[in-house]
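# Commentary on secondary and tertiary structure
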Amino acid sequence: MSKKIIDTLNKVWKDAYPDATDADYDDNFRCCARIKSLADDRKCWLSNAKVLQKQLNKLENK
């Protein structure tokens, strides 16, 4: 993977998990696992947001 991709991945990962360490440029397994984890996190957050929006709409009688 390119240095720019890894640097961006490390930045996003540290934003989500502040105590995390950087992935090395030659550690493809770790980088791919982080990308998958971030995608899974996004999917979960989006699902939770949809559920909460539906509940809010019910409370507001929408």
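As shown above, the structure is provided for reference.
Description of the structure in this document.

All chains considered together, the criterion is met by 1 aromatic pair. Ring centres 4.6 Å apart and planes at 45° place the aromatic pair Trp 13 and Tyr 17 in the tilted group. Judged by relative accessible area, which is 33%, Tyr 17 ranks as partly exposed.

Another aspect to go through is the nonpolar core. In terms of nonpolar packing, the biggest core is built from 7 residues, these being Ile 6, Leu 9, Trp 13, Ala 20, Ala 23, Cys 31 and Leu 38. Of all the elements in the fold, those that place two or more residues in this core are helix H1 (3-16) and helix H2 (28-59). In this structure, Ala 20 is in contact with Trp 13 and Lys 14, ignoring residues within four places of it in sequence.

Conventions and cut-offs
- Residues numbered from 1 in each chain as written.
- Predicted model: local features only at pLDDT ≥ 70, side-chain atom pairs only at ≥ 80, totals over all residues.
- Heavy atoms only, no water.
- Phe/Tyr/Trp six-rings, centres within 6.5 Å; stacked < 30°, edge-to-face > 60°.
- Buried < 20%, exposed > 50% of the residue type's maximum accessible area, 1.4 Å probe, protein only.
- Core = buried A, V, L, I, M, F, W, Y, C linked by side-chain atoms within 4.5 Å.
- Helix = DSSP H or I, 4+ residues; strand = E, 2+ residues; numbered from the N terminus.
- Contact = heavy atoms within 4.5 Å.

In short, geometric facts, not functional conclusions.
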